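Coordinates in review
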Amino acid sequence: MNRDQLQKFVQYLITVHHTEVLPTAQKLADEILSQNSEINQVHGAPDPTAGASIDDENCWHLDEEQVQEQVKLFLSQGGYHGSGKQLNLLFAKVREMLKMRDSNGARMLTLITEQFMADPRLSLWRQQGTAMTDKYRQLWDELGALWMCIVLNPHCKLEQKASWLKQLKKWNGVDVCPWEDGNHGSELPNLTNALPQGANANQDSSNRPHRTVFTRAIEACDLHWQDSHLQHIISSDLYTNYCYHDDAENSLFDSRGWPLWHEHVPTACARVDALRSHGYPREALRLAIAIVNTLRRQQQKQLEMFRTQKKELPHKSITSITNLEGWVGHPLDPVGTLFSSLMEACRTDDESFPVFSDFTENMGQCKSLEYQHLPAHKFLEEGESYLTLAVEVALIGLGQQRIMPDGLYTQEKVCRNEEQLISKLQEIELDDTLVKIFRKQAVFLLEAGPYSGLGEIIHRESVPMHTFAKYLFTSLLPHDAELAYKIALRAMRLLVLESTAPAGDLTRPHHMASVVPNRYPRWFTLSHIESQQCELASTMLTAAKGDVRRLETVLESIQKNIHSSSHIFKLAQDAFKIATLMDSLPDITLLKVSLELGLQVMRMTLSTLNWRRREMVRWLVTCATEVGVYALDSIMQSWFTLFTPTEATSIVATTVMSNSTIVRLHLDCHQQEKLASSARTLALQCAMKDPQNCALSALTLCEKDHIAFETAYQIVLDAATTGMSYTQLFTIARYMEHRGYPMRAYKLATLAMTHLNLSYNQDTHPAINDVLWACALSHSLGKNELAAIIPLVVKSVKCATVLSDILRRCTLTTPGVVGLHGRRNSGKLMSLDKAPLRQLLDATIGAYINTTHSRLTHISPRHYSEFIEFLSKARETFLMAHDGHIQFTQFIDNLKQIYKGKKKLMMLVRERFG
């Protein structure tokens, strides 16, 4: 700006912000006008818009108060209103600052951490013993990982590191500081002590000092970058030693002379992450390549070692886990770090790495190696690329045999991390080079014994490989089906659920249910793991359609390894769907697999409660129908090993005998009769075993065969006196009448009456209709039948209104007007003075008298009018007797005498009845 413009600029600035800047402007003006002021001793003036010079360490102004307020606000929202997302953005901002080498990055993270540590929910959760939410846990993880990056800054000053360490130790010592494994009181670590633990797994976890989210960062403060071998690896693409022939475990170079880096893998990968985070992508990539080459060499050595052991000790099964700390699901995510570093390098050509001054210069060493622009492909085999390396390291990590960690959070993290890695791998299209790597790794996984999660023998608490194997299976299937199936079948096992029962039992699938041990409290994600196992099996079934040999192998594997009935049922349904797809003829082998699994489910759930049981039984019949008539016949022949008697009669046999089944199977008369005969045999066996619930179904199923029907009826009669309720007997009696057997219906109705007992106040009991029906049936059959049932009614029914209803109906028409065999009765109405109606009339009057006294002991004024109506009904019944008028008058006088204290009520009685 020229002088005039600058003058204008200053004047406008003062005018717009006069309240804020006027005092400052005044002070500056005074200083400028004073000859000796400090301001006049300096040449020029500061320019806040110019930015720092290229070599300056960036340090912008950080509004600390605003950062603290924001974090506090987001935490108080508890994950709602997108607050978790906002906090992740703040973390991303810290990473961005580190990448730009802005020294405020660490300061900003300190402010964020202080707010996290001050979150009041921490102590609340600690007191209540509840776990923090998953999203909140992940934020703490990111916090820990960021501190790890900060303390691993290759160029931080010692005093900086010392102050961070002091700060980290302070937070680490706070009572509510979250633990690394998320196990904060909600899961009891000592549960694991009760379980058999192999390979010294997690020795006495309750006594170990708990690692907090800051422990790793504190430990990382002891790490440095001064190692000359490490310096050479990260500084040069040409660092080799072709004369180096030490092939020992920890040699610095491999047989090709390429550099190796031996360090605890998660720590080495944390260095890679730190280099990337602090803006050294090329150095990070060099170290990543050295680590992957080290892992691959180690893998090869392990395979050779295991093969040697196998030769020397052919009968010893080796299951020792070399890794108690798995890399997938690890707090430092080593495999994810290597994978993303290498993938980033695929997407970036070498030129586009941001150019800072060279790494070694900052380390204070002479800048002799300047190879920034040379491609970093020196330590790759022919045909390999960053991409192939990334894929291979992901496969190595996913296939590692590792023990299941303690605690719900860490176990969920293992699953989540594995799924994230696999979904990243799924985005990559497999070409021939990658397929070669898949083959190589698959063979290694199968043959590497205890080093691989897919080795021949694994520790029973190893993290299962189902999810990974499903990915390998689908990837390898088009290229090498044999290898794909080997991997998937090997991965099907779930040893933590294997019983210690003798192996003989396990070869007979229907004994499975009884030998499954209790679920281990230690495996919190077991249901997820079992569903992944089921997914793997389903994927194999789908792929094996049309291949008899493969289907049989997969079926055997399912029967041997899957212990949950609901998952076997799901697989049976899956197999059925795949076998009966609309666009082709049914695959009979797959249908048989489906049926076989269905039968196993029936056996497993026969004696246990399962809310889906009815659905399972119906489905099995549908499946057997698709397989054919012999399958239906077979399930009916062996019904007692598969179904309860009720299921066998009401669902199985009934469905088999339905018209739709006959039409579906195009059965001829001979086949229909054979099925019907099996159904009748089943029905009679079930009726014998459980007459209460099966008798009616048995009668229905046997209708068309006289002998079978008679047998079923006899079974009902035999059971009637002991095991059956009046409801069941009345139902069967009504069915008999409906089928045209009135005398049999009558016989069953009389048996039902002997089981019934209706007290005086049960005037809305559901059995009343049955009693009225039984009396009507007896009345229609004739005087003798009515005479026989009335004593039973009098004995069983004490309810006055029901008795008076029966009495009224009996006096309206002549009994048996059209009797049996069309014989006509004389047509006379029955007399109330003679048996059997006299007995019924006396019982009804007696019931009214008893009921009246019962009601009067607990009557309130609001029920008075209802009571008067009740007495009117009673009078109607009294008057049916020839001396009823006198009886009723005596009854009323009696009431007035006994209940004279209830003056208002007795006044109402007098008004109505005198």
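Along each chain, residues carry numbers from 1 onward, in the same order as the chain's sequence is written. pLDDT decides what is reported in this predicted model: residues at 70 or higher carry local features, side-chain atom pairs at 80 or more are listed and counted, and totals for whole chains, interfaces and linings draw on all residues regardless. Heavy atoms from the whole structure form the basis of all side-chain values; hydrogens and water molecules are not counted.

Per an unreviewed UniProt entry, the chain goes by Zinc finger SWIM domain-containing protein 6 and derives from Neophocaena asiaeorientalis asiaeorientalis.

1. Description of the overall build of the chain
Each helix is a run of DSSP H or I of at least 4 residues and each strand a run of E of at least 2, with the numbering of both proceeding from the N terminus. Along the backbone of the chain there are 42 helices and zero strands. Three exposure classes are used, based on accessible area relative to the maximum for each residue type with a 1.4 Å probe and protein chains only: buried under 20%, partly exposed in between, and exposed over 50%. Looking at the chain as a whole, 49% of its 914 residues are labelled buried.

2. What about the pattern of salt bridges?
The term salt bridge refers to a pairing of a side-chain nitrogen on Lys or Arg with a carboxyl oxygen on Asp or Glu at a separation within 4 Å. Considering all chains together, one arrives at 45 salt bridges under this definition. Taking the shortest distance from any N to any O, the salt bridge between Asp 547 and Arg 550 comes out at 3.9 Å. The residue Arg 808 makes a salt bridge to Asp 805 at a minimum N-O spacing of 2.8 Å. Note that Arg 808 and Asp 805 are positioned in helix α38 (residues 800–812) at a spacing of three residues, about one turn of the helix. Of the residues examined, Arg 808 reaches a relative accessible area of 42% and is grouped as partly exposed. Beyond isolated ion pairs, a larger network of salt bridges with shared partners links Glu 180, Arg 211, Arg 216, Glu 219 and Glu 325.

3. Some words on the packing of helix α29 (residues 645–656) against helix α32 (residues 691–701)
In this analysis an axis means a line fitted to C-alpha atoms, helices contributing only their contacting stretch, and an angle means the value between N-to-C directions, from 0 to 180 degrees. Two numbers describe how α29 lies on α32: the axes approach to 8 Å, and their chain directions differ by 30 degrees. It follows that α29 is roughly parallel to α32 by the angle criterion. In terms of crossing hand, the pair formed by α29 and α32 is left-handed. Contacts from Pro 645, Thr 646, Thr 649, Ser 650, Ala 653 and Thr 654 of α29 reach α32 at Asn 693, Cys 694, Ser 697 and Leu 701. If an angle is under 35 degrees, it is roughly parallel; if it is over 145, roughly antiparallel; if it lies from 65 to 115, roughly perpendicular; otherwise it is oblique. The handedness criterion is simple: a crossing whose near helix is rotated anticlockwise from the far helix by less than a right angle is left-handed, and one whose near helix is rotated clockwise is right-handed. We call two residues in contact whenever any of their non-hydrogen atoms come within 4.5 Å of each other.

4. Description of helix α1 (residues 3–16)
By this rule the span expected of a helix is its residue count minus one, scaled by 1.5 Å. Taking 1.5 Å per residue as the helical rise, α1 with its 14 residues ought to reach 20 Å, and the 20 Å between its terminal C-alpha atoms agrees with that figure. Where α1 begins, the capping side chain belongs to Asn 2, and its oxygen is found 3.2 Å from the backbone nitrogen of Asp 4. Polar contact criterion, stated in full: a pair of N or O atoms within 3.5 Å, where within protein one must be able to donate a hydrogen and the other to accept it, and residues adjacent in sequence count only if both atoms are side-chain atoms.

5. Observations regarding the nonpolar core
As used in this record, nonpolar core signifies buried Ala, Val, Leu, Ile, Met, Phe, Trp, Tyr and Cys residues forming a set joined through side-chain atoms within 4.5 Å. Counting 252 residues, the largest nonpolar core has Ile 112, Phe 116, Trp 140, Phe 214, Phe 643 and Leu 748 as its most contacted members. With residues up to four places along the chain from it excluded, the contact list for Ile 112 reads Val 67, Val 71, Leu 90, Phe 91, Val 94 and Leu 143. Within the second largest apolar cluster, nine residues are counted, among which are Met 404, Val 496, Leu 497 and Leu 526.

6. Digging into the environment of Leu 338
Structurally, the position occupied by Leu 338 is in helix α14 (residues 334–347). Taking C-alpha positions, Leu 338 is 7.0 Å from Ala 390, a pair spaced 52 residues apart along the chain. In this structure, Leu 338 is in contact with Cys 269, Val 272, Ala 288, Ile 291, Val 292, Leu 295 and Val 393, ignoring residues within four places of it in sequence.

7. Some details on the confidence of the model for the chain
pLDDT: the predictor's confidence for each residue, scored from 0 to 100. When the pLDDT values of the chain are averaged, the result is 85; 86% of them are 70 or greater. For residues 360–376, every residue scores under 50 in pLDDT, and the model assigns this stretch 38 contacts once sequence neighbours within four places are set aside. Residue range residues 501–519 is modelled with pLDDT below 50. Its contacts to residues more than four positions away, or to other chains, number 22 contacts.

8. Looking at a nonpolar patch on the surface
Residues Met 1, Leu 6, Phe 9, Val 10 and Leu 13 make up a contiguous nonpolar surface patch of about 490 Å² in total accessible area. Positionally, Met 1 belongs in the segment before α1. Patches here are clusters of residues that have more than 30% relative accessible area and form no salt bridge, with a 9 Å joining cutoff for like charges and a 5 Å cutoff for nonpolar side chains (Val, Leu, Ile, Met, Phe, Trp, Tyr). Every accessible area reported is derived by Shrake-Rupley at a probe size of 1.4 Å, with residue values counting cover from the shown protein chains alone.

9. Side note on unusual backbone geometry
The phi angle of most residues is negative, glycine excepted, and most peptide bonds adopt the trans form. For Arg 101, which is not glycine, the phi torsion reads 55 degrees and is therefore positive. Mapped onto the elements, Arg 101 comes out in the loop between α5 (83–99) and α6 (104–117). Positive phi values are uncommon outside glycine, yet His 666 reaches one of about 50 degrees. Its place among the elements puts His 666 in the loop between α30 (659–665) and α31 (669–689).

10. Let's talk about the packing of aromatic side chains
Only Phe, Tyr and Trp rings take part, Trp by its six-membered ring, and two of them pair if their centres are within 6.5 Å. Stacked means planes under 30 degrees apart, edge-to-face means over 60, and tilted covers everything else. For the structure shown, the criterion picks out 20 aromatic pairs. Centre to centre, the rings of Phe 116 and Trp 140 are 5.3 Å apart; their planes meet at 90 degrees, and the pair counts as edge-to-face. You can see Phe 116 sitting in helix α6 and its partner Trp 140 sitting in helix α8 (residues 134–151), a full 24 residues away along the chain. Relative to Phe 891, the ring of Phe 878 has its centre 5.5 Å away and its plane inclined at 15 degrees; by these criteria the two rings are stacked. Placement of the pair is Phe 878 in helix α40 (residues 864–878) and Phe 891 in helix α41 (residues 884–898), with a sequence separation of 13 residues. Accessibility expressed as a relative area gives 6% for Phe 891, which makes it buried. Among the aromatic residues, ring-to-ring pairing joins Phe 91, Phe 116, Trp 125, Tyr 136, Trp 140, Trp 147, Trp 171 and Phe 214 into one connected group. Its guanidinium or amino end placed over the ring of Tyr 409, Arg 137 lies 4.6 Å from that ring's centre, counting from NZ or CZ. Consider the ring centre and the ring normal. A charge sits over the ring if Lys NZ or Arg CZ is within 6 Å of that centre and within 35 degrees of that normal. Geometry around Tyr 741 places Arg 744 over its ring, the cationic atom sitting 5.0 Å from the centre.

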